[in-house]
Amino acid sequence: MLQNYDLKPGVNRFGRAQANDCRLEDASVSGYHCEIVFENGTVLVRDLNSTNGTYLDGKLTKESVFLTGQTVKIGLIEMGLDGPPAHVAVQPLPLPDQGPVPTLMTDGTPCCLNHPGVRASLACEQCAQFYCESCVRHLRVVGKPRRAFCPACSGICSPCSPLKAPSGLQNILVKAIVTGLKRTFQIFTRPPRSSARRK
């Protein structure tokens, strides 16, 4: 089922961050991915320096007129424009795999979520997942130390000690394991109801 978003006059921002006019919760979408400007009956799509780019009918674009019948793709999400009143239709994505429950090395330190058997060196402060250095996204601001961001939720990642996770991260690990066990329990005992998901 398509989700419709009515364009308001002026700028309509699309992305994963909560401050957007239309929030798209998918890891392939940047925090502030693109904006669609609706003025004087004209619709314009503009990329906001997104990681994965904005595509109009399969072609990478920085700024283009968005016409009825054309398709804009941001990350894995496709949007189409319908005629007046102007609104974009967002195709739903299948629910993402919740992923494996975090595992531990033999000495009790966490493994990377994407590379079982590889010791995690970073932990996301937002979603409580553990990653190795190659899995996270790095950003360097002039005059400031390099920062690491979670590939799943874009939360800030903090370093883990290679021998022992800091006490705060131990709490995150416990929370992640409990959350994973709850997900596993829910998945195998009661399939999610489609009506409940729409609320």
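Relevant structure appears above.
Quick caveat: nothing in here was measured; it's all calculated off a predicted structure.

Glancing now at the pattern of salt bridges. This model, assessed by the stated rule, comprises seven salt bridges. Of the charged contacts in the structure, one is a salt bridge between E35 and R46, with a shortest N-O distance of 2.5 Å. Within this pair, whereas E35 is found in strand β4 (residues 34–39), its partner R46 is found in strand β5 (residues 42–47), the two being separated by 11 residues in sequence. Looking at E35, the relative accessible area reads 7%, which means it is buried. The closest approach of N and O atoms between R146 and E133, which form a salt bridge, is 3.3 Å. Placement of R146 in the loop between β14 (137–139) and β15 (147–149) and of E133 in the loop between β13 (130–131) and β14 is noted, with a sequence separation of 13 residues between them.

On the basis of which strands lie adjacent, the open sheet formed by five strands has the order β3-β2-β4-β5-β8 and mixed pairing. Two strands bound the open sheet, and with one partner strand each, they are β3 (22–23) and β8 (63–65). Of the pairings in the sheet, the one linking strand β2 (residues 10–15) to β3 comprises two bridges and is parallel in character. Looking at β3, one finds that G15 is bridged to R23.

Scoring rules and cut-offs
- Residues numbered from 1 in each chain as written.
- Predicted model: local features only at pLDDT ≥ 70, side-chain atom pairs only at ≥ 80, totals over all residues.
- Heavy atoms only, no water.
- Salt bridge = Lys/Arg side-chain N within 4 Å of Asp/Glu carboxyl O.
- Helix = DSSP H or I, 4+ residues; strand = E, 2+ residues; numbered from the N terminus.
- Buried < 20%, exposed > 50% of the residue type's maximum accessible area, 1.4 Å probe, protein only.
- Pairing = 2+ DSSP bridges.

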